[in-house]
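As a plain string of letters, each chain reads:
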Amino acid sequence: MTSKPVKLGVPVVGVIFLALACLKFFQGDAWVVWAILGFLFGGFGIFNLNRSEGNQA
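Note that the coordinates shown come from a computational prediction; the quantities given were computed from them, not determined experimentally.

So, about the overall build of the chain. Within the chain, the secondary structure is distributed over two helices and zero strands. Taking all contacts inside the chain whose residues are at least 6 apart in sequence as the whole, residues at least 24 apart take part in 55%.

Quick look at the structure:
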């Protein structure tokens, strides 16, 4: 029996930073720093979540 790493849920902190980046972008402020922080905290992982794992026997 091999153990697989546990996949946690949505990276909440990264998603918050990405939301701040979008907000700052539309306001015309500096948004690049927030996007980089969102990337570093795993916010872009929201785009490749695979919720339907299925049976991979």
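That covers the picture; the talk isn't over yet.
A few words now on the packing of helix 1 (residues 12-27) against helix 2 (residues 32-40). At a minimum axis separation of 7 Å, helix 1 and helix 2 run at an interaxial angle of 160°. On the basis of their axis angle, the class for helix 1 and helix 2 is roughly antiparallel. Remark: the crossing between helix 1 and helix 2 carries left-handed chirality. Between helix 1 and helix 2, the residues in contact are Gly14, Phe17, Leu18, Leu20, Ala21 and Lys24 and Trp34, Ala35, Leu37 and Gly38, respectively.

By secondary structure assignment, the location of Ala19 is in helix 1. When its relative accessible area of 45% is taken as the criterion, Ala19 is described as partly exposed. Along the primary structure Ala19 and Gly38 are separated by 19 residues, whereas in three dimensions their C-alpha atoms are 8.5 Å apart.

Cut-off values and rules
Residues numbered from 1 in each chain as written. Predicted model: local features only at pLDDT ≥ 70, side-chain atom pairs only at ≥ 80, totals over all residues. Heavy atoms only, no water. Helix = DSSP H or I, 4+ residues; strand = E, 2+ residues; numbered from the N terminus. Contact = heavy atoms within 4.5 Å. Axes fitted to C-alpha atoms, helices over the stretch in contact; angles between N-to-C directions. Parallel < 35°, antiparallel > 145°, perpendicular 65-115°, else oblique. Left-handed = near helix turned anticlockwise from the far one by under 90°. Buried < 20%, exposed > 50% of the residue type's maximum accessible area, 1.4 Å probe, protein only.

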